[in-house]
Amino acid sequence: MGVLAFSFSLPFTRVAVAELDPWFVAFGRAVGAAALAWAYLRYAGAEAPTREQWRRLAVVALGVIVGFPLLTSLALTTSTSAHGAVVVTVLPAMTAVFAVLRAGERPPLLFWLSSLGGLAAVLTFLITSGAVHGDLSAADLFLLGAVILCGLGYAEGGVLSRQLGGARTICWALILSVPVTVPVTVIAAVATPPQAGPAAWAAFGYLTAISMFLGFFAWYAGLARGGIATVGQVQLVQPVLTLIWSALLLSEQVSGASIGAALVVLLCVVLTQRTRSKS
């Protein structure tokens, strides 16, 4: 459910930044999600995190609330969402690396082989679909930075979700980010008054309520229950889904190789999940 929710993020970011300032899109959606988080925490009667948990929440906020939204918004002002899917392909591997560094997980050899197989299948699919073109650009550097920070935020949030739960982890991280997200949103809105059509505002609404809020309820809960490195490999499906949405919603070109690649990716995901059940 989390990956399905996130698979729309790049196409809808592309739609939003076509008419809205990328800084407003990146930080404004965090402000809206923080309002939803405040309402949820009040309803749930959640206790405030400990000092150590606040420290970990700061890492989560840096990765998934500030870093990934901002860098992808900047990248997608010049890059297509299909091209962005190429770089995001390395996110599962990055999440697994940070699971080892931050969570102390030690996946077996079959896990790494399955992960590399899934990565190779997605990259092959994206190359044959024509999503890869040109040399390394500023947009690619933004996307690479976004992937590194997102992998860190996923791993740290997965660890913290074992204590707080997935919903409260993202909610407290959003609240912690308010001193940064609100001023930047106001400055961006004053510098470039937000004026857009219904499609751009609808995309912005999705990024706020789903990509930045509800999607993390499911995602962090899954990482906490099944292991960050192992469950993180379900993200291998995300670039394929993103490419499909890019073709359907934005009329970006996708080749017919998607079905075969999707089957290979799903097989690799199944193998990574079997390593969890045996370890």
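Worth saying up front: this structure is predicted, and the values here are computed from it rather than measured. (Residues numbered from 1 in each chain as written. Predicted model: local features only at pLDDT ≥ 70, side-chain atom pairs only at ≥ 80, totals over all residues. Heavy atoms only, no water.)

Draft legend 1. Representation of the nonpolar core in the model. Counting residues in each nonpolar core, the largest one holds 64 residues, and the members touching the most others are Val64, Ile65, Tyr154, Leu174, Phe216, Trp219 and Tyr220. The leading source of residues in this core is helix H10 (residues 198-226), at ten residues. (Core = buried A, V, L, I, M, F, W, Y, C linked by side-chain atoms within 4.5 Å. Buried < 20%, exposed > 50% of the residue type's maximum accessible area, 1.4 Å probe, protein only. Helix = DSSP H or I, 4+ residues; strand = E, 2+ residues; numbered from the N terminus.)

Draft legend 2. How the structure looks around H10. Helix length check: H10 (29 residues) gives 39 Å between terminal C-alpha atoms against 42 Å at 1.5 Å per residue, within 8%. Along H10, the largest kink reaches about 50 degrees and is centred on phenylalanine 216. Trailing H10 by a residue or two, glycine 227 shows a phi angle of about 100 degrees, which is positive. (Expected span 1.5 Å × (residues − 1). Bend = angle between axes of the 7 residues up to and from the residue.)

Draft legend 3. Highlighting the side chain of glutamine 238. You can see glutamine 238 is positioned in helix H12 (residues 237-250). Discounting chain neighbours no more than four positions away, the residues touching glutamine 238 are Val3, Phe6, Ser7 and Val88. (Contact = heavy atoms within 4.5 Å.)

Draft legend 4. Just the environment of glycine 157, in detail. Within the secondary structure, glycine 157 is located in helix H8 (residues 138-164). By relative accessible area, glycine 157 is classed as buried at 0%. Considering only alpha carbons, one finds glycine 157 and valine 60, 97 residues apart in sequence, at a separation of 5.7 Å. In contact with glycine 157, not counting residues within four places along its chain, are Val60, Thr169 and Tyr220.

Draft legend 5. Structural context of a nonpolar patch on the surface. On the surface, a nonpolar cluster with roughly 500 Å² of combined accessible area is contributed by Val97, Leu101, Leu109, Trp112 and Leu113. Secondary structure elements with two or more residues in the nonpolar patch: helix H6 (91-103) and helix H7 (109-128). Looking at the element boundaries, leucine 109 is found in helix H7. By relative accessible area, which is 62% here, leucine 109 ends up exposed. (Patch = residues over 30% accessible without salt bridge, like charges linked within 9 Å, V, L, I, M, F, W, Y side chains within 5 Å. Areas by Shrake-Rupley, 256 points an atom, 1.4 Å probe, with all protein chains shown as cover. Salt bridge = Lys/Arg side-chain N within 4 Å of Asp/Glu carboxyl O.)

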